[in-house]
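What follows is each chain in one-letter form.
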Amino acid sequence: MRWFYRSTQFFSALVGGVSERDMEDARRALGPELYKVFAALPGQYRRHMLAVYRRVRHAGCNGQQVWQAALLHDAGKYDPASRRYVSLPYRVIIVLLAATAPGRRLLATLAEATDQKRGWRYPFYLNQRHAELGAQQAAQHGASPEVVNLIANHHNHEDENQELKVLQAADEES
């Protein structure tokens, strides 16, 4: 069933839209400074993070920090300085490579630290380090330490924080 989930994600990224009402919901949850980070993201990321946000709320999680983290958890996949991001073709390659141990090793090699923001490997770098990079962006725009921590750890499944677990479940389902 993982293939079905990934197929749904793929087609949603191609055709899904973000309504003005969705953008207003994000604006209210984030406040003006954090909203700047969200609004700058490519549409495919805004759609995904709004879906995560809705799932977090539907799960009964009413904490403002987890709402904000849901709306920003993948912000690090976009570099506002270079305007580069992990585009759909890269995401397909990443998903396919991540399915096998040799592929995961290759991804790690492709994502090794690079300062070449114009190079073809840069999106692999962004994908590999997006939790850390997104946490940095959120902190630079005034996010609370709790929000920064949730974003930085949204792939850490060893943490016992309940809000983080809700965020992770919502992310995996969206």
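Please refer to the structure placed before this passage.
Residues numbered from 1 in each chain as written. Predicted model: local features only at pLDDT ≥ 70, side-chain atom pairs only at ≥ 80, totals over all residues. Heavy atoms only, no water.

Peer 1: It is not clear to me how the packing of aromatic side chains should be interpreted in this structure. Could you clarify?
Peer 2: To describe a pair of aromatic rings, one takes the distance between the centres and the angle between the planes. Here the structure, examined in full by the defined rule, presents 7 aromatic pairs. Between Tyr45 and Tyr85, the ring centres sit 6.4 Å apart and the planes meet at 90 degrees, which makes this aromatic pair edge-to-face. With Tyr45 in helix H3 (residues 43-58) and Tyr85 in strand E2 (residues 84-85), this pair connects stretches of sequence that are 40 residues apart. Geometrically, the ring pair formed by Trp120 and Phe124 is edge-to-face, given 6.3 Å between the ring centres and 90 degrees between the ring planes. By relative accessible area, Trp120 is classed as exposed at 55%. Taken together, the aromatic side chains of Tyr45, Tyr78 and Tyr85 make up a single cluster linked through ring pairs. The ring of Trp67 carries the charged tip of Arg57 above its face, separated from the ring centre by 4.1 Å. (Phe/Tyr/Trp six-rings, centres within 6.5 Å; stacked < 30°, edge-to-face > 60°. Helix = DSSP H or I, 4+ residues; strand = E, 2+ residues; numbered from the N terminus. Buried < 20%, exposed > 50% of the residue type's maximum accessible area, 1.4 Å probe, protein only. Lys NZ or Arg CZ within 6 Å of the ring centre and 35° of its normal.)

Peer 1: Mind showing me how you'd approach the packing of H3 against helix H9 (residues 162-173) here?
Peer 2: Two quantities define a packed helix pair, namely the angle between the axes and the distance from one axis to the other. In the contact formed by H3 and H9, the axes pass within 8 Å of each other and the chain directions differ by 130 degrees. Of the possible angle classes, the one that applies to H3 and H9 is oblique. With respect to the hand of their crossing, H3 and H9 are arranged in right-handed fashion. Here His48, Val52, Arg55 and Val56 of H3 lie close against H9, whose contacting residues are Val166, Leu167, Ala170, Asp171 and Glu173. Across the contact of H3 with H9, the residue classes break down as 5 nonpolar, 1 polar and 3 charged. (Axes fitted to C-alpha atoms, helices over the stretch in contact; angles between N-to-C directions. Parallel < 35°, antiparallel > 145°, perpendicular 65-115°, else oblique. Left-handed = near helix turned anticlockwise from the far one by under 90°. Contact = heavy atoms within 4.5 Å. Nonpolar A, V, L, I, M, F, W, Y, C, P; charged D, E, K, R; others polar.)

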